[in-house]
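Residues per chain are reported as follows:
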Amino acid sequence: MNLPVLKAADFASDQDVRWCPGCGDYSILAQMKKVLPELGVPREKIVFISGIGCSSRFPYYMNTYGMHSIHGRAPTFATGLKSTRPDLMVWVITGDGDALSIGGNHFIHALRRNLDVNIILFNNRIYGLTKGQYSPTSSEGQVTKSTPMGSIDHPLNPLSVALAAEATFVARSMDANVKHLGAMLKRASEHKGTSLVEVYQNCNVFNDGAMAYAQERKQRPNNTVELEHGKPLIFGENKDKAVRLVGNHLEVVNTADVPADDLLIHDEKDMNPAIQMMMARMRYPEMPEPMGVLRAVEGVATYDDQINDQVTEAKEKKGPGDLQKLISAGDTWDVA
Amino acid sequence: MTATPKTSKDVQSVTGITVRLAGDSGDGMQLLGTQLTNTSALAGNDVATFPDFPAEIRAPRGTRAGVSGFQVQFASEEIFTPGDQLDALVVMNPAAMVTNLSDLRKGGILIANEDGFIEKEFKLAKVEANPLDASVIEETYRVFKVPMTELTRLAVAEHGLSQKIADRCKNFFAMGLVYWLFGRSLDPTLRFIENKFGGKPDVASANEAALRAGWAYGETTEAFGESYQVEAAELSKGTYRNIMGNQALAWGLIAAAELSDKDLFYGTYPITPASDILHELTKYKNFGVRTFQAEDEIAAVCSTIGAAFGGTMAVTASSGPGIALKGEAMGLGMILELPMIVINVQRGGPSTGLPTKTEQSDLLQSMFGRNGESPLPIVAPRSPGDCFAAAIDAWRIATECMVPVILLSDGYIANGSEPWKIPDVSQIEKITITHPEGADGDEPFMPYARDEKLARPWAIPGTEGLMHRVGGLEKEDGTGNVSYDPANHQLMTDRRAEKVAMIAERIPDQEVFGETSGDTLVVSWGGTYGSCHTAVAQCQAEGMRISHAHIRYLNPLPKNIGDLLRSFKTVIVPELNMGQLRLLLRAEYLVDCIGVNKVQGKPFAVTELVAAIKEHSVPQTKSKAG
Ligand code: SF4
C-alpha cells in the first residue's frame, strides 16, 4: 500500500499554540511533527495522551487523536487504550510534576509493565502552569514561590527512577539540541516496550536557565556527554575527557592520561542496569550529564502483547465464548 | 447413585425454614452455607442468603470478632429475604453461640458442637461459664449438644486418616446433620466434594465420611425425633440456577459486551466486596474479556476511560472508598462524554468503614461525589439475580447517551444468592452501537455534535479523517475545541445535564406493588427490595392501604415518581443509610418523606420494617369498628 507522503505541517492541528514565547516546548513540538512523517504511521493511528501542566497541552496541537487527561494519570489512560487497541501508536506527554510527583505511581507501573508506548517527559524542574512552585526535580536550596528559604526536598532523577522501575528504554535529550532530540524521539518510537525520553526543557518564565549548563551551546560539551552504544563516553570541547569505572564508581579522566582500554564503554543493551544506573546518576557539576540512549533492551514481553495473547490463547484452548452455555452450566433445575 | 438414604423417622412438612450456621472463621461455615443453599435450590425451594463474615482474614480464633455466619432461608413459597428470626441455629463454639443466639426464635432448634464448648473457648469468647449450661437455654430452645469433633474423628478414623484431616471435616459432619434435619439430598454436596477434592482422595473420602456420619447421627440418635420437609416452591416456568450477585454482575457485563458486539475491558483494583467480579471475569478471556488489575483505584478508572476512547466496552468497579478516589476521573469521563460503567459495590462507610458489611450510604456520593456540575445516570439492582439485567441496562444507557453510568450494588446483593431463571440470551434486545465512518470530505469533523438523545458521536482512533482531541478542559459546542467562553460553558453544562435528564423519557415508568394511591407508600432502592416487599405484602395482608415502589433508576428518576409520591398520605423511605434517597425525593418533589434508617451492617428485618411502617402510617380510619 502506498501511504500518502505526509509533511510536518500535516501533523499540526488548527489550534493556536499557547505556550509562552521562548518556551522550550515549541522545539519539542516541532521535532515531533518532523519525526512523525518519517515513521510511516498514518495520523489516525497515532494517539497523544497527556496529563496536566504546560507540556500536557501538547495533544491539542497535533492533528492526530489525542486526550488531555488528568494530572499525573496519562500512563493509565494509555494502558487502557493500548491494551485494547494494540494497533495504535500511543505517545504519553508529561512533565516533571505530572510524571514524578502526582503521577509517580503510574509512571513506575507503566514502565515495569513495559507497555508499548512512548513517554516523553518534559523536565523543566519547576511547576509552570501553576506559576512557579518547586517540582520534584528542582534543585536542593532552590528558591521558588513555594520555597522562599530554599527547597529542602532532595530531587528525583527521572532516569534513575525509570531504571529502578525496570524500564526497557531510557533516554535523555534536550529542547536546545533539535537534531539529537529528533533522533531520540525516533529511537523511542522504534523501541518495542515502554520508552522513556526525558527532555531538558527550559521554562523561560519561571526557571530560566536552570539547565543552561547543559543547554547552552558553549557549556554543553563540558557538562554533558553524548552516549553512543559500544563507544567510550568521550566529552569536553576538545573531546579530551572520558569516564572510567573505578571500583563501584565512575570518574572523569583525561583521555591522554589513561589507555583507551580503561575507558568505560557504553552498553545500552546490557540487561544488568547497574552501570547504566551509575551513568544515570552522573550529575553536573561533578560529572557530565548523559545525553542519548542509556538503556535499550529488547526481548522483554510487552503488557499489551501479553494481555492480548492470553485472550487468543484462551480462545484457542476453550473455543470462543458461548454465553448461553456459560450461564446454563453447572447445577440447574427445571420448573415446569 | 443412591447416595442419600431415606429417613425412617417422622417427617413434618413446613413452608419455610430459616437457618443460620455460625462458627469460627476457620470452621468452614461459608462453605456449609453455600452447599445448603445450592442443595435447597436444586430441591426446587426458593432461597435467599445472607453470608456475614469478619473483615479480618484470620481473625483471632475462638473470639467473638472471629465469628463467621451464613444465614439461609429456603421455602416452598416465593421469598425475598433470608428471613428475620431463626428456626434453627448451628453453633460450633461459644463465641458463635453468644453472638447469634438472640436471633433464634423461642422454641427454635439450637445445635451446638459440644466439643467446642470447653474452658479454653469460654475464655476466648469472654464468657464466664459454659453458656449451654444455663437453664434458661434448655427452657427456651430445643437444644441438641452434639460432640461433632469426636464423632467426626471416629467416622474419619475408619478411613485411616490423621486426626488433623479429621478436624478439618467437622463442618461436613454438621452439614450432614443439617441435611438430615431438613430432608436435604446429599448428592449435590457429594458431587461438590468429588469435584473439589477429587485430586486428594484422602481428603475427599474424609469429607464424605463426615457428611454421612452427620446424616446417620440424626437418623439414629434418639434425641432427634423428627425431621422437616420443605416442598418445592412454585416459581415461574423455566430453568433455574442458584446465582450470587457479583457472579450475576460479571455475567451481565459479558452479556452486555456480546449484545453490543464489543470486547470487554475491566480495569479495577482489589477491594472488598467488589473483587469477586474481577475473579469471575478473568476466567472468561475466551469471551474477549481483558482484565487489568491496576496499581490503584485511579489507574483503574483512568485505564477504563482510555479503553472507552479506543472503542471498547469499558468497565471499572470498586466500593465506596475506591469510588471516592475515582471521582475526578468519573468527572473526566462525564465531560469527555464517553460510555463506560462504574460499579460501586457498597459497604459500610465512611472511610474504610465496615468492609464486609452492607450499607447503602453511597447514593449521594454517586449523585454528587464529583467536582462541578456532573450528573451521571445511576442504576441499582435489587437482588443478586437482578445484577445480570442491571449490567445490560447500564451499558445500554451508557452507549445511547455517551456517558459513564454508575451501577450501585451492595455487599448484601454481591455476596447473597437466590434462584435465578436462566434467560434465553437470544431473546434479549441487542445494543446497537455505531461508530462514525471516516470522512474524506472537506467538512471538518464535529466530535461534539449531538444526536436527538444529545449524545455525541463515538469516533474512535484508527478512523481516517476523524482525528480529534478530547480533554478535561471545557469544550466548545460542536468542535470540542478548548473554550473558556462563558456562554459556551453554560450551554455545555446545560446540554450534559439535559442529556442525562432525558433518559427519563426512555426508562419505564415506576412500577408499584399495590394500588397507585392510598394511605402509605414505601419507597426503597437497591438491596433492601426483599425486606421492603415482604413487609409491605404483610401489611397489605393485614388490610392496610399500602403500596411499594422500588426504584431501579435513581438518576434520572422515572417521570411518574412525583405524582406517585403525591398520591399517598404518607411516604416512608427505608434505607440502610441515614436518609439519602429521602433527601433527594424531598428536594426534587417537595414531598415530605419519613425515613426508616439504620447502619448496623445488616439488612432490614421484615419485622422491624413492619413495626416502623405501622408506627408512621396515618392511623386507619376506623370505619368498621364502633
Ligand atoms: S510557564 Fe514555562 S513551561 Fe509553561 S509555557 Fe511558559 S515557559 Fe513554557
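Residues numbered from 1 in each chain as written. Chains lettered and ligands numbered in written order. Predicted model: local features only at pLDDT ≥ 70, side-chain atom pairs only at ≥ 80, totals over all residues. Heavy atoms only, no water.

Draft legend 1. Local environment of the overall build of chain B. Looking only at helices and strands, one finds 21 helices and 22 strands in chain B. Relative to a compact globule of 626 residues, whose C-alpha radius of gyration would be 25 Å, chain B shows 27 Å and is just as compact. Taking the principal axes of the C-alpha coordinates as reference, chain B spans close to 90 × 75 × 45 Å. The burial tally for chain B puts 62% of its 626 residues in the buried class. A separation threshold of at least 6 residues defines the contact pool for chain B, and within that pool the share at least 24 residues apart is 77%. As displayed, chain B has an accessible area near 24,200 Å², and 50% of this comes from carbon and sulfur atoms. Positive and negative side-chain charges in chain B, numbering 57 and 76 respectively, have mean positions lying 3 Å apart. (Helix = DSSP H or I, 4+ residues; strand = E, 2+ residues; numbered from the N terminus. Rg over C-alpha atoms; globule rule 2.2 N^0.38 Å. Buried < 20%, exposed > 50% of the residue type's maximum accessible area, 1.4 Å probe, protein only. Contact = heavy atoms within 4.5 Å. Areas by Shrake-Rupley, 256 points an atom, 1.4 Å probe, with all protein chains shown as cover. Lys, Arg positive; Asp, Glu negative; His and termini not counted. Charge placed at Lys NZ, Arg CZ, Asp CG, Glu CD.)

Draft legend 2. Geometry of the domain arrangement of chain B. Residues and elements named next belong to chain B. On domain assignment, one finds that chain B holds domain 1 (11–230), domain 2 (241–421), domain 3 (434–506) and domain 4 (518–617). Here domain 3 and domain 4 have C-alpha centroids that lie 39 Å from each other. With five residues of domain 3 in contact, the opposing surface of domain 4 contributes four residues. Here domain 3 and domain 4 share an interface that buries about 340 Å² over both sides, 66% of which is from carbon and sulfur atoms. Summed over the three residues of domain 3 that lose the most area to domain 4, namely V500, A504 and E505, the buried surface amounts to 84% of that side. (Domains from an automatic or database assignment. Buried area = accessible area lost by both parts, 1.4 Å probe.)

Draft legend 3. Broad picture of the interface of chain B and chain A. With 69 residues of chain B at the contact, the number on the chain A side is 56 residues. Taken as a group, N286(B), M467(B) and R469(B) account for 14% of the area that chain B buries against chain A, more than any other trio of residues on that side. Summed over the shared surface of chain B and chain A, the result is two salt bridges. In this structure, the salt-bridge partner of R191(B) is D331(A), at a minimum N-O distance of 3.4 Å. (Salt bridge = Lys/Arg side-chain N within 4 Å of Asp/Glu carboxyl O.)

Draft legend 4. Here's a closer look at the pattern of salt bridges. Counting across every chain of the model gives 39 salt bridges over all chains. Measuring nitrogen to oxygen at the nearest pair gives 3.7 Å for the salt bridge that ties R545(B) to D519(B). In this pair, R545(B) sits in the loop between helix 18 (529–541) and strand 19 (546–551) while D519(B) sits in strand 18 (residues 518–525), placing the two residues 26 residues apart along the sequence. In this structure, a network of salt bridges that share partners links the residues K45(A), R85(A) and D87(A).

Draft legend 5. Structural detail: the packing of helix 2 (residues 74–84) of chain A against helix 12 (residues 297–309) of chain B. With their axes 6 Å apart at the nearest point, helix 2 of chain A and helix 12 of chain B run at an angle of 45 degrees to one another. Classified by the interaxial angle, the pair formed by helix 2 of chain A and helix 12 of chain B is oblique. You can see that helix 2 of chain A and helix 12 of chain B cross each other, and the crossing is right-handed. For the pair helix 2 of chain A and helix 12 of chain B, the contacting residues are T76(A), F77(A), G80(A), L81(A) and T84(A) in the first and A299(B), C302(B), S303(B), I305(B), G306(B), A307(B) and F309(B) in the second. Its residues assigned to classes, the contact of helix 2 of chain A with helix 12 of chain B shows seven nonpolar, five polar and no charged. (Axes fitted to C-alpha atoms, helices over the stretch in contact; angles between N-to-C directions. Parallel < 35°, antiparallel > 145°, perpendicular 65-115°, else oblique. Left-handed = near helix turned anticlockwise from the far one by under 90°. Nonpolar A, V, L, I, M, F, W, Y, C, P; charged D, E, K, R; others polar.)

Draft legend 6. Structural context of the UniProt feature "domain: Thiamine pyrophosphate enzyme TPP-binding" (unreviewed entry) in chain A. When the UniProt feature table is mapped onto this chain numbering, "domain: Thiamine pyrophosphate enzyme TPP-binding" (unreviewed entry) sits at residues 52–199 of chain A. Between the C-alpha atoms that bound residues 52–199 of chain A there is a distance of 17 Å. The span itself is 32% helix and 19% strand. (UniProt positions renumbered as here; feature names shortened; annotations may be inferred.)

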